[in-house]
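Observations on the three-dimensional arrangement
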Amino acid sequence: MNFDVADLPPGLAYKLLTATIVPRPIGWVSTIGPGGAVNLAPFSFFNAMGGAPPVVALGLMRAPAGGRKDTARNIADQGEFVVNLVSEDLLPQMSMTSAPLPPEESELEAAGLTALASVHIAPPRLAESPVSFECRTLHCLETGPDQILVVGSVLAIHVADRFVLDAERGHIDTPALGLVARMHGAGWYARSSDLVQLDRPAGGGRL
Ligand SMILES: Cc1cc2nc3c(=O)[nH]c(=O)nc-3n(C[C@H](O)[C@H](O)[C@H](O)COP(=O)(O)O)c2cc1C
């Protein structure tokens, strides 16, 4: 079947994208609100977009009630954010922080999570998260009404010590991170434990 986006009712293209582009990593983003409260929310329109220098991107849609989401407003205002990754044990808290709270209330505190000071930027990282990226905005592109694409430069990468196998070589115990990804529908997630291994062709390089 061919779905021509111009003919689709509102909301259907989103459903088709999110039902098919799976699994999607989840960036659990901490920012600071206008009054100083730490804002925390998950975003699965998230990925690494460059390695040298390291770059990530986030897709932040319009808030259901209209206007920009708190995360989008905070990033546009301050240009700083932390992307924390989500391990399976953190799923309930992650889901809890997707509920819209007023900007003066902290989802991080409401979920009983712990903030740790970042090294380069004001928003804190999550102590409970196995991996966090401190980011500064490189570019904010308005892709629709109150919808933005944020491209961020990664300033620091925090990996919990127990997962670092060889710091000099950048070897991480990835399976032990137990990261989860978003699947289709409202509440489906995937574990990153069902793996297949395939060697690259000769001359393919390491990238
Ligand atoms: C797993 C998961 C992934 C999500 N991914 C996105 C996303 O990529 N983009 C988006 O705009 N909202 C996404 N949401 C919804 C936001 O988390 C939600 O709108 C949240 O209230 C935004 O918070 P804020 O207003 O504090 O920024 C996601 C929710 C969940 C549970």
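The sections below set out a description of the structure shown in this document. (Residues numbered from 1 in each chain as written. Predicted model: local features only at pLDDT ≥ 70, side-chain atom pairs only at ≥ 80, totals over all residues. Heavy atoms only, no water.)

Some words on the pairing of strand β2 (residues 27–32)
When you tally the buried positions in β2, you get six out of six residues, the bulk of the element. What you see with β2 is no split at all: G27, V29 and T31 on one side and W28, S30 and I32 on the other are buried throughout. Across six bridges, the pairing between β2 and strand β3 (residues 38–43) is antiparallel. Considered in β3, the bridge of T31 is made with N39. Looking at chain direction, β2 and strand β6 (residues 80–84) are connected through three bridges and run antiparallel. When the sheet's bridge partners are listed, S30 is paired in β6 with V82. (Buried < 20%, exposed > 50% of the residue type's maximum accessible area, 1.4 Å probe, protein only. Helix = DSSP H or I, 4+ residues; strand = E, 2+ residues; numbered from the N terminus. Pairing = 2+ DSSP bridges.)

As for the side chain of H158
With respect to the helices and strands, H158 occurs in strand β10 (residues 147–159). For H158, a relative accessible area of 14% translates into the label buried. Within the structure, H158 has its side chain in polar contact with the side chain of R125 (distance 3.4 Å). The contacts of H158, once residues within four sequence positions are left out, are V119, R125, P130, V131, S132 and E134. (Polar contact = N/O pair within 3.5 Å; in protein donor to acceptor, adjacent residues only side chain to side chain. Contact = heavy atoms within 4.5 Å.)

Focus: the environment of A190
Note on placement: A190 falls in strand β14 (residues 189–191). Among all residues touching A190, those that are not within four sequence positions of it are P23, L179, V180, A181 and M183.

A few points about unusual backbone geometry
A cis amide bond links V22 to the next residue, P23, at an omega of -15 degrees. For P23, the location among the structural elements is in the loop between α1 (12–20) and β1 (24–25). Omega for the peptide link from A52 to P53 comes to 5 degrees, which places this bond in the cis form. Summarising the element assignment, P53 is placed in the loop between β4 (46–51) and β5 (54–60).

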